[in-house]
Amino acid sequence: MALSDEIVDRLMGEGIPSVEEIEKKYPPRMLSEGQCVTRIAPSPTGFMHLGSVYAALISERVAHQSGGVFMLRIEDTDTKREVEGAAEFIIKALGDFDLKFDEGPLNDKQEVGSYGPYVQSQRKEIYQAYIKEWLKKGLAYPCFCSEEEIDAMRERQSKTGGRPGYYGMWAKCRNLNEEQIKANLDAGKPFVIRFRSPVKYMYKIAIEDVCRGKRFFPENDLDIVIMKSDKLPTYHFAHLVDDHLMGTTHVLRGDEWLSSLPLHIQLFQVMGWNPPKYGHIAPIQKLEDEARRKLSKRKDPEANIAFYGEKGYPKEVVINYLMNLANSDFEDFIRANPDKNYRDFEFKIERLNNSGPLLDFVKLENISKEFIATLSADELYDRLYDWAVKYDRNLQKLMDEKSNYFKQILNIERGNCDRVRKDYYMMSAIYPEIKYFFDDEFKLTAEDVFELLPNLSRDDVKFIADEYVNLYNPADSKEEWFAKVKEFALANGYAKNAKEITKNPEMAYKGTVSDVATVLRVLITGRRESPDLYSIMQVIGNERVISRLKLI
Ligand code: GLU
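Below is a summary of the structure that appears in this document. (Residues numbered from 1 in each chain as written. Predicted model: local features only at pLDDT ≥ 70, side-chain atom pairs only at ≥ 80, totals over all residues. Heavy atoms only, no water.)

Looking now at the packing of helix H1 (residues 5-12) against helix H7 (residues 178-186). Each packed pair of helices is defined by two parameters, the angle between the axes and the distance between the axes. Close contact between H1 and H7 brings their axes to 11 Å; oriented N to C, the two are set at 30°. On the basis of their axis angle, the class for H1 and H7 is roughly parallel. Here the hand of the crossing between H1 and H7 comes out left-handed. Of the residues in H7, those in contact with Glu6, Ile7, Arg10 and Leu11 of H1 are Glu178, Ile181, Lys182, Leu185 and Asp186. For the contact of H1 with H7, the class distribution of residues is 4 nonpolar, no polar and 5 charged. (Axes fitted to C-alpha atoms, helices over the stretch in contact; angles between N-to-C directions. Helix = DSSP H or I, 4+ residues; strand = E, 2+ residues; numbered from the N terminus. Parallel < 35°, antiparallel > 145°, perpendicular 65-115°, else oblique. Left-handed = near helix turned anticlockwise from the far one by under 90°. Contact = heavy atoms within 4.5 Å. Nonpolar A, V, L, I, M, F, W, Y, C, P; charged D, E, K, R; others polar.)

Read across the open sheet, the 3 strands follow the order S5-S6-S9; overall the sheet is antiparallel. Only two strands of the sheet have a single partner each, and these edge strands are strand S5 (140-143) and strand S9 (225-227). Shown here is a sheet whose adjacent strand axes are inclined to one another by a mean of 45°, direction ignored. Strand direction decides the pairing type here: S5 and strand S6 (residues 192-195), joined by 4 bridges, are antiparallel. Bridged to Cys143 within S6 is Val192. (Pairing = 2+ DSSP bridges.)

Okay, the pairing of strand S1 (residues 37-40) next. On S1, burial covers both faces: Val37 and Arg39 on one face and Thr38 and Ile40 on the other are all buried. Bridge count for S1 against strand S2 (residues 69-72) is 4 bridges, and the pairing is parallel. By the bridge assignment, Arg39 is partnered in S2 with Met71. With helix H3 (residues 50-65) bridging S1 and its parallel neighbour S2, the resulting β-α-β unit is right-handed. (Buried < 20%, exposed > 50% of the residue type's maximum accessible area, 1.4 Å probe, protein only. Right-handed = clockwise from strand over helix to strand, strands pointing away.)

The tally for this structure, following the rule as stated, stands at 26 aromatic pairs. Taking 6.0 Å as the distance between ring centres and 50° as the angle between the ring planes, the aromatic pair formed by Tyr308 and Tyr313 counts as tilted. Here Tyr308 and Tyr313 have matching classes, each one buried. Where Tyr405 meets Phe438, the ring centres are 5.5 Å apart and the plane angle is 80°; that geometry is what we call edge-to-face. Of the two residues, Tyr405 sits in helix H16 (residues 403-411) while Phe438 sits in the loop between helix H17 (430-434) and helix H18 (446-452), which places them 33 residues apart along the sequence. Taken together, Tyr405, Phe406, Tyr431, Tyr436, Phe437 and Phe438 form an aromatic cluster joined through their ring pairs. Taking NZ or CZ as reference, Arg163 lies 4.1 Å from the ring centre of Tyr167, over its face. (Phe/Tyr/Trp six-rings, centres within 6.5 Å; stacked < 30°, edge-to-face > 60°. Lys NZ or Arg CZ within 6 Å of the ring centre and 35° of its normal.)

Grouped together as the largest cluster of nonpolar side chains are 111 residues, with contacts concentrated most on Ile58, Phe406 and Phe437. Ranked by residue count, the leading element in this core is H3, at 9 residues. Not counting residues up to four positions away in its chain, the partners in contact with Phe406 are Tyr381, Leu384, Leu395, Leu398, Met399, Tyr431, Ile434 and Phe438. Leu11, Val192, Ile207 and Phe268 belong to the second largest nonpolar core, which has 62 residues in total. (Core = buried A, V, L, I, M, F, W, Y, C linked by side-chain atoms within 4.5 Å.)

It is worth spelling out unusual backbone geometry at this point. In this structure, the amide linkage connecting Gly116 to the following residue, Pro117, adopts the cis form with an omega of 0°. Relative to the elements of secondary structure, Pro117 occurs in the loop between strand S4 (111-112) and helix H5 (124-137). Phi angles above zero are rare outside glycine, and Asp98 is one such case at about 55°. Looking at the secondary structure, you find Asp98 in the loop between helix H4 (86-96) and strand S3 (104-105). For Asp98, a relative accessible area of 38% gives the class partly exposed. You will see that Glu413, though not glycine, has its phi angle at about 55°, which is positive.

As structure tokens, this is what we get:
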């Protein structure tokens, strides 16, 4: 039922630009064959989910791989759910991960791109213009049902086993005439605007999803709310107008929106607009008690993208890991092309894991270890320092005071070495790993030493420590150093290796050369295992070596 200009003005107010004026400002994009325009459209309702970065990466790849445009649009029309600072965080997070959008807001004042504004709350008039148009064409109508009435309707629907929602005979306000609308307005009743679904009976329709292929859905017959009583549009309507005006070719979004697909296609059809292609991305899952479940915003700290920054996973690692979740052959690509990055890989949307990829921290850590192994000591130092500035002021202070010492420590099994160490995987785990280099942190007691060396007698341990102090010469090369340890061990009742002990039981060896080295390692590092001991001793310095050897 089309409404007159007069009643539409009363409902929506005057001075709103016309649809024609708006359309002129948003000329269709000149795209060449195959160029894709994608967007992510997060709502600033809290922290940024790992899944949002995953969707952003996919959208960014689809756009940039085709030479197209990647946009950021902030969907902030649900003012009740909005969380202060969330939009800024989204912009920052995308920047942190180098997911560069070509169009979108840069902060609360600036933006890039000529299809904006890219923040929905700044597009109020645009939506209102289309709502007016829809009211005039009878595609929408005002609904004055109160919350109580809607609740009562739902209750009756559930009692009678009816499908929930505002449709068909339940759609009380669908056929209000102008007189009735006026009377409601005169009575000061608040209202929302509803879409008048053209469908009376539900047919099944087939829709092609770019991730999931052809899917069948019941056609939408719900008269959904398109504008709330605060005169802001709902997501369904805002996304329709925005993706139309912004020329989006591909909407790639979380699969919680899959059930809205028939409605969204219907909205485009009603307008006679070409719908974008839709693709619904399966959510990242995790394994709990051997069962898979969706990564939960509430329960899982690792669902929050900030978690990875706090732990200090390099940004490249998070992106590579997400790329792996998206296209599992990415891993082989990087292995075969270690000098390339994810932008060199041909991402394929149809290869997305539609049953939901599984978050696997062992894998993430391995990717991280491999990546950190490619950094020079200076690069690693800079990354650790940047991390410390944000998350660990004490570490930052220590790094400021002892930057050279830190660089030397980080260079152990890194510079000039054939096998780079692969044990560092996140910045927050580095200092705990290297604490023994710092006297204030080194709290080893003689008792600890003996406990760490249960297969040697206390006297033997003490003997090794006492004798080795006199042998140690910091000027020795690595070969000389090792030859000395070996010679000392062999001369004092230790076998070359375990095999020799088994072969010659009559010798009653006290242990092996490696046991002797372990004694030194425990005394110097407080651990049975460590990176190359010679390098550690070189870095830690003669004075510390001597004083630690003299502990027992
Ligand atoms: N604002 C919606 C959300 O945050 C966006 C869905 C879409 O990408 O269309 O889930």
